[in-house]
Amino acid sequence: MTIRISKVLFVFSAALFAALVSINNMLDYQINFAGVRHVMSMDSVFPGNHSMWRAVTTPWLHHLAYWLIIATEIAIALLGFRGAFELWQARRDAAEFNRRKQKAILALTLGVLLWFTGFMVLAGEWFLMWQSEDWNAQQPAFLFAASFFFILTLLVREDQDG
């Protein structure tokens, strides 16, 4: 049962992280929004870049992208908290614990998709965020994606009684 409790605590921690990130993004909207705006506008990539045709400079699209990020973070938090609660309730029965993993798995998968696909793939490579000295968030995005992936990998392992 110790491993199941560990899994519950990891899922809860991931949900708490996503909740705090979403709250920070809403409370400090302009600071964090600036990163989305600059990355999508590609205004800090290397000079003479031939990929500038990818830049999105329409302000409402910047806000839409930022709100999609926040909405995903909120979904991760809500699914994660609910998943942790359901896993906690089932912690004494391995079969029931295994059946109740779906919400937690979905929350963790969304986390990996947000920070890997959203930040590393789309922002990092499509919008060339890695070229920006001021707005490159690839290192923290990798840390977040890897953390969520690690917890997901641990969680999906079949639990057994005994």
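In this report, the structure presented in the accompanying data block is examined. Since the structure is predicted, the reported quantities are computational estimates derived from the model, not experimental observations. (Residues numbered from 1 in each chain as written. Predicted model: local features only at pLDDT ≥ 70, side-chain atom pairs only at ≥ 80, totals over all residues. Heavy atoms only, no water.)

**A short note on the environment of Gly35**
Piece 1. In this structure, Gly35 sits in helix α2 (residues 29-41).
Piece 2. With 57 residues separating them along the chain, Gly35 and Arg92 place their C-alpha atoms 45 Å apart. (Helix = DSSP H or I, 4+ residues; strand = E, 2+ residues; numbered from the N terminus.)

**Description of unusual backbone geometry**
Piece 1. With a phi close to 55°, Met42 is a non-glycine residue in the positive phi region.
Piece 2. Here Met42 lies in the loop between α2 and α3 (59-89).
Piece 3. Backbone geometry places Leu128, a non-glycine residue, at a positive phi of 55°.
Piece 4. Assignment of secondary structure puts Leu128 in the loop between α5 (102-126) and α6 (138-156).

**Structural notes on the packing of aromatic side chains**
By convention here, two paired aromatic rings are described through the distance between centres and the angle between planes.
Piece 1. Tallied over the entire structure, the rule returns 13 aromatic pairs.
Piece 2. Both rings, one in Tyr29 and one in Phe33, keep their centres 5.6 Å apart while their planes meet at 15°; by these two values the pair is stacked. Taken as a pair, Tyr29 and Phe33 lie in helix α2 at a separation of 4 residues, close to a single helical turn. The pair Tyr29 / Phe33 is uniform in exposure class, with both members buried.
Piece 3. Seen from their ring centres, Trp53 and Trp126 are 5.4 Å apart, and the 90° between their planes marks the pair as edge-to-face. Note that Trp53 is positioned in the loop between α2 and α3 and Trp126 in helix α5, a separation of 73 residues in sequence. (Phe/Tyr/Trp six-rings, centres within 6.5 Å; stacked < 30°, edge-to-face > 60°. Buried < 20%, exposed > 50% of the residue type's maximum accessible area, 1.4 Å probe, protein only.)

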